[in-house]
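Structural features, examined
Below, each chain spelled out in residue letters.
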Amino acid sequence: MADFRIGNGYDIHRLAEGLTLTLGGVRIEHTKGCVAHSDGDVVIHALCDALLGALALGDIGHFFPDTDEAYRGIDSKILLKRVMEHVRKAGYTPCNADVTLLLQKPKIAPYIPRMRAALAPLMDLGEDCVSVKATTMEHLGPIGAEEGVAAYATILLQKKSEY
Ligand code: MG
(Lines give C-alpha, C1' and ligand atoms only; values in the text may rest on other atoms or scores of the structure.)
Protein backbone atom coordinates (compact mmCIF):
# COMPACT_ATOMS: atom_id res chain seq x y z
CA MET A 1 0.00 0.00 0.00
CA ALA A 2 1.04 3.60 -0.51
CA ASP A 3 2.91 5.50 2.20
CA PHE A 4 0.10 8.05 2.39
CA ARG A 5 -3.64 7.43 2.41
CA ILE A 6 -6.39 10.05 2.56
CA GLY A 7 -9.94 9.62 3.81
CA ASN A 8 -13.09 11.66 4.09
CA GLY A 9 -16.09 11.23 6.35
CA TYR A 10 -19.53 12.77 6.73
CA ASP A 11 -22.26 12.43 9.31
CA ILE A 12 -25.57 14.09 10.11
CA HIS A 13 -27.99 13.74 13.02
CA ARG A 14 -31.39 15.18 13.79
CA LEU A 15 -31.68 17.60 16.69
CA ALA A 16 -34.50 17.48 19.25
CA GLU A 17 -35.37 19.50 22.35
CA GLY A 18 -34.24 18.23 25.73
CA LEU A 19 -31.42 15.94 24.56
CA THR A 20 -27.74 16.44 25.32
CA LEU A 21 -25.46 17.81 22.61
CA THR A 22 -21.92 16.43 22.42
CA LEU A 23 -19.66 17.54 19.57
CA GLY A 24 -15.99 16.74 19.17
CA GLY A 25 -16.07 14.99 22.53
CA VAL A 26 -17.23 18.18 24.29
CA ARG A 27 -20.61 18.76 25.95
CA ILE A 28 -22.25 21.83 24.35
CA GLU A 29 -24.67 24.01 26.31
CA HIS A 30 -27.85 24.03 24.24
CA THR A 31 -31.58 23.35 24.49
CA LYS A 32 -31.36 20.67 21.79
CA GLY A 33 -29.30 17.52 21.34
CA CYS A 34 -28.80 14.75 18.81
CA VAL A 35 -31.31 11.99 18.18
CA ALA A 36 -29.00 9.00 17.89
CA HIS A 37 -28.29 5.43 18.94
CA SER A 38 -24.94 6.56 20.36
CA ASP A 39 -24.26 9.99 21.90
CA GLY A 40 -24.70 11.39 18.36
CA ASP A 41 -21.31 13.09 18.15
CA VAL A 42 -21.25 13.84 14.40
CA VAL A 43 -17.69 15.22 14.58
CA ILE A 44 -16.31 11.95 15.93
CA HIS A 45 -18.49 9.86 13.62
CA ALA A 46 -17.16 11.78 10.60
CA LEU A 47 -13.60 11.31 11.87
CA CYS A 48 -14.17 7.56 12.31
CA ASP A 49 -15.44 7.29 8.73
CA ALA A 50 -12.49 9.32 7.43
CA LEU A 51 -10.03 7.00 9.21
CA LEU A 52 -11.80 3.87 7.98
CA GLY A 53 -12.17 5.35 4.50
CA ALA A 54 -8.48 6.14 4.23
CA LEU A 55 -7.73 2.43 4.64
CA ALA A 56 -10.79 1.21 2.70
CA LEU A 57 -11.92 -0.69 5.79
CA GLY A 58 -15.63 0.10 5.47
CA ASP A 59 -17.70 2.50 7.54
CA ILE A 60 -18.76 3.18 11.10
CA GLY A 61 -22.14 1.49 10.56
CA HIS A 62 -20.33 -1.73 9.63
CA PHE A 63 -18.14 -1.67 12.74
CA PHE A 64 -20.75 -0.37 15.20
CA PRO A 65 -24.27 -1.24 13.93
CA ASP A 66 -27.03 0.95 15.37
CA THR A 67 -29.07 -2.22 15.87
CA ASP A 68 -26.53 -3.43 18.47
CA GLU A 69 -27.61 -2.66 22.04
CA ALA A 70 -23.94 -2.57 23.05
CA TYR A 71 -23.65 0.83 21.41
CA ARG A 72 -26.78 2.47 22.85
CA GLY A 73 -25.83 5.86 24.28
CA ILE A 74 -22.13 5.02 23.93
CA ASP A 75 -19.52 7.77 24.29
CA SER A 76 -18.29 8.19 20.70
CA LYS A 77 -14.72 8.66 21.99
CA ILE A 78 -14.79 4.91 22.64
CA LEU A 79 -15.72 4.30 18.98
CA LEU A 80 -12.83 6.50 17.82
CA LYS A 81 -10.44 4.63 20.11
CA ARG A 82 -11.56 1.33 18.56
CA VAL A 83 -11.21 2.67 15.01
CA MET A 84 -7.70 3.87 15.85
CA GLU A 85 -6.83 0.31 16.95
CA HIS A 86 -7.60 -0.79 13.37
CA VAL A 87 -5.51 2.07 11.96
CA ARG A 88 -2.51 1.11 14.11
CA LYS A 89 -2.95 -2.58 13.27
CA ALA A 90 -2.82 -1.67 9.58
CA GLY A 91 0.52 0.06 10.23
CA TYR A 92 -0.65 3.62 9.73
CA THR A 93 -0.71 6.77 11.83
CA PRO A 94 -2.64 10.04 11.27
CA CYS A 95 -0.71 13.08 9.97
CA ASN A 96 -3.49 15.61 10.44
CA ALA A 97 -7.27 15.89 10.60
CA ASP A 98 -9.54 18.68 9.40
CA VAL A 99 -13.20 18.93 10.39
CA THR A 100 -15.99 21.25 9.25
CA LEU A 101 -19.04 21.35 11.50
CA LEU A 102 -22.35 22.58 10.09
CA LEU A 103 -24.65 23.93 12.77
CA GLN A 104 -26.95 26.92 12.95
CA LYS A 105 -26.88 27.32 16.75
CA PRO A 106 -25.23 27.76 19.22
CA LYS A 107 -21.95 29.50 18.44
CA ILE A 108 -19.25 26.82 18.42
CA ALA A 109 -16.11 28.99 18.46
CA PRO A 110 -15.76 29.00 22.29
CA TYR A 111 -15.74 25.17 22.31
CA ILE A 112 -13.21 24.59 19.52
CA PRO A 113 -10.03 24.63 21.68
CA ARG A 114 -11.56 22.01 23.98
CA MET A 115 -12.65 19.88 21.00
CA ARG A 116 -9.12 19.95 19.54
CA ALA A 117 -7.68 19.06 22.95
CA ALA A 118 -10.16 16.19 23.34
CA LEU A 119 -9.69 14.77 19.84
CA ALA A 120 -5.92 15.07 19.33
CA PRO A 121 -4.73 12.43 21.84
CA LEU A 122 -7.36 9.97 20.61
CA MET A 123 -5.73 10.08 17.16
CA ASP A 124 -2.09 10.17 18.36
CA LEU A 125 -1.86 13.78 17.14
CA GLY A 126 -0.76 17.11 18.54
CA GLU A 127 -3.46 19.76 18.82
CA ASP A 128 -1.73 21.73 16.05
CA CYS A 129 -2.59 18.84 13.70
CA VAL A 130 -6.31 18.77 14.51
CA SER A 131 -8.44 21.48 12.91
CA VAL A 132 -12.08 22.05 13.81
CA LYS A 133 -14.01 24.69 11.91
CA ALA A 134 -17.69 25.56 12.22
CA THR A 135 -20.09 27.28 9.89
CA THR A 136 -23.78 28.08 9.99
CA MET A 137 -26.06 27.27 7.04
CA GLU A 138 -27.22 30.90 6.75
CA HIS A 139 -30.69 29.63 7.82
CA LEU A 140 -30.91 27.54 4.64
CA GLY A 141 -32.26 23.98 4.61
CA PRO A 142 -32.89 21.65 7.58
CA ILE A 143 -29.60 22.43 9.31
CA GLY A 144 -30.29 26.14 8.89
CA ALA A 145 -33.71 25.55 10.46
CA GLU A 146 -31.94 24.00 13.51
CA GLU A 147 -33.34 20.55 12.73
CA GLY A 148 -29.95 18.90 12.46
CA VAL A 149 -26.18 19.07 12.75
CA ALA A 150 -23.62 17.65 10.31
CA ALA A 151 -19.86 17.33 10.00
CA TYR A 152 -17.29 16.64 7.31
CA ALA A 153 -13.85 15.27 8.14
CA THR A 154 -10.68 14.74 6.13
CA ILE A 155 -7.72 12.76 7.44
CA LEU A 156 -4.30 11.99 6.04
CA LEU A 157 -2.58 8.81 7.19
CA GLN A 158 1.08 7.94 6.87
CA LYS A 159 2.57 4.46 6.92
CA LYS A 160 4.62 3.96 10.07
CA SER A 161 8.28 3.45 9.26
CA GLU A 162 9.56 -0.04 10.02
CA TYR A 163 12.80 -0.38 11.89
MG1 MG B 1 -23.62 9.26 13.48
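Look above for the structure.
Calculation notes
Residues numbered from 1 in each chain as written. Predicted model: local features only at pLDDT ≥ 70, side-chain atom pairs only at ≥ 80, totals over all residues. Heavy atoms only, no water. Donors = N, O, S within 2.8 Å, 3.2 Å for Na, K, Ca; no water. Buried < 20%, exposed > 50% of the residue type's maximum accessible area, 1.4 Å probe, protein only. Pairing = 2+ DSSP bridges. Helix = DSSP H or I, 4+ residues; strand = E, 2+ residues; numbered from the N terminus. Axes fitted to C-alpha atoms, helices over the stretch in contact; angles between N-to-C directions. Contact = heavy atoms within 4.5 Å. Polar contact = N/O pair within 3.5 Å; in protein donor to acceptor, adjacent residues only side chain to side chain. Salt bridge = Lys/Arg side-chain N within 4 Å of Asp/Glu carboxyl O. Core = buried A, V, L, I, M, F, W, Y, C linked by side-chain atoms within 4.5 Å.

So, on to the coordination of the magnesium ion. Surrounding the magnesium ion are the protein donor atoms Asp11 (OD), His13 (NE2) and His45 (ND1), which sit 2.1 to 2.3 Å from the metal. Sequence positions of the residues that donate to the magnesium ion give the spacing D-x1-H-x31-H. By relative accessible area, His13 is classed as buried at 16%.

The five strands are arranged E4-E1-E7-E5-E6 in an open sheet whose pairing can be described as mixed. Here the strands that pair on one side only, and so sit at the sheet edges, are strand E4 (32-35) and strand E6 (130-135). Strand-to-strand twist in this sheet, taken as the mean axis angle between neighbours without regard to direction, amounts to 30°. Here helix H4 (residues 112-122) sits on the sheet in contact with strand E5 (92-102) and E6, set at roughly 140° to E6.

What follows is about unusual backbone geometry. Look at the link from Lys105 to Pro106: it is a cis peptide, with omega at -5°. Here Pro106 is to be found in the loop between E5 and H4. With a phi close to 55°, Ala56 is a non-glycine residue in the positive phi region. Along the chain, Ala56 falls in the loop between helix H1 (42-54) and helix H2 (60-63). Overall, Ala56 belongs to the exposed group, its relative accessible area being 60%. The phi dihedral of His139 falls on the positive side, at around 65°, and the residue is not glycine. Position of His139 relative to the elements: it lies in the loop between E6 and helix H5 (141-144).

Within the secondary structure, Gln104 is located in the loop between E5 and H4. On the basis of relative accessibility, which here comes to 9%, the residue Gln104 falls in the buried class. At 3.2 Å, the side chain of Gln104 and the backbone nitrogen of Met137 are in polar contact. Looking at Gln104, its side chain comes within polar contact range of the main-chain nitrogen of His139, at 3.1 Å. Setting aside residues no more than four positions away along its own chain, Gln104 makes contact with Thr136, Met137, Glu138, His139, Ile143, Gly144 and Glu146.

Inspection of every chain in the model, using the stated rule, returns five salt bridges. The salt bridge partner of Asp124 is Arg88, with a shortest N-O separation of 2.9 Å. With Asp124 in the loop between H4 and E6 and Arg88 in helix H3 (residues 76-89), this residue pair connects regions lying 36 residues apart in the sequence. When the shortest N-O distance is used, the salt bridge between Asp98 and Lys133 registers 2.6 Å. With Asp98 in strand E5 and Lys133 in strand E6, the pair connects residues that are 35 residues apart, well separated along the chain. You can call Asp98 partly exposed: its relative accessible area is 30%. Given the relative accessible area of 34%, Lys133 is considered partly exposed.

Residues Leu23 and Met123 are the most contacted members of the largest nonpolar core, which totals 47 residues. Of all the secondary-structure elements, those providing two or more residues to this core are strand E2 (21-23), strand E3 (26-28), H1, H3, E5, H4, E6 and strand E7 (148-159). Sorting elements by how many residues they give to this core places H1 first, with 10 residues. Residue contacts for Leu23: discarding those within four places in its chain leaves Ile28, Asp41, Val42, Val43, Leu101, Leu103, Ile108, Met115 and Val149.

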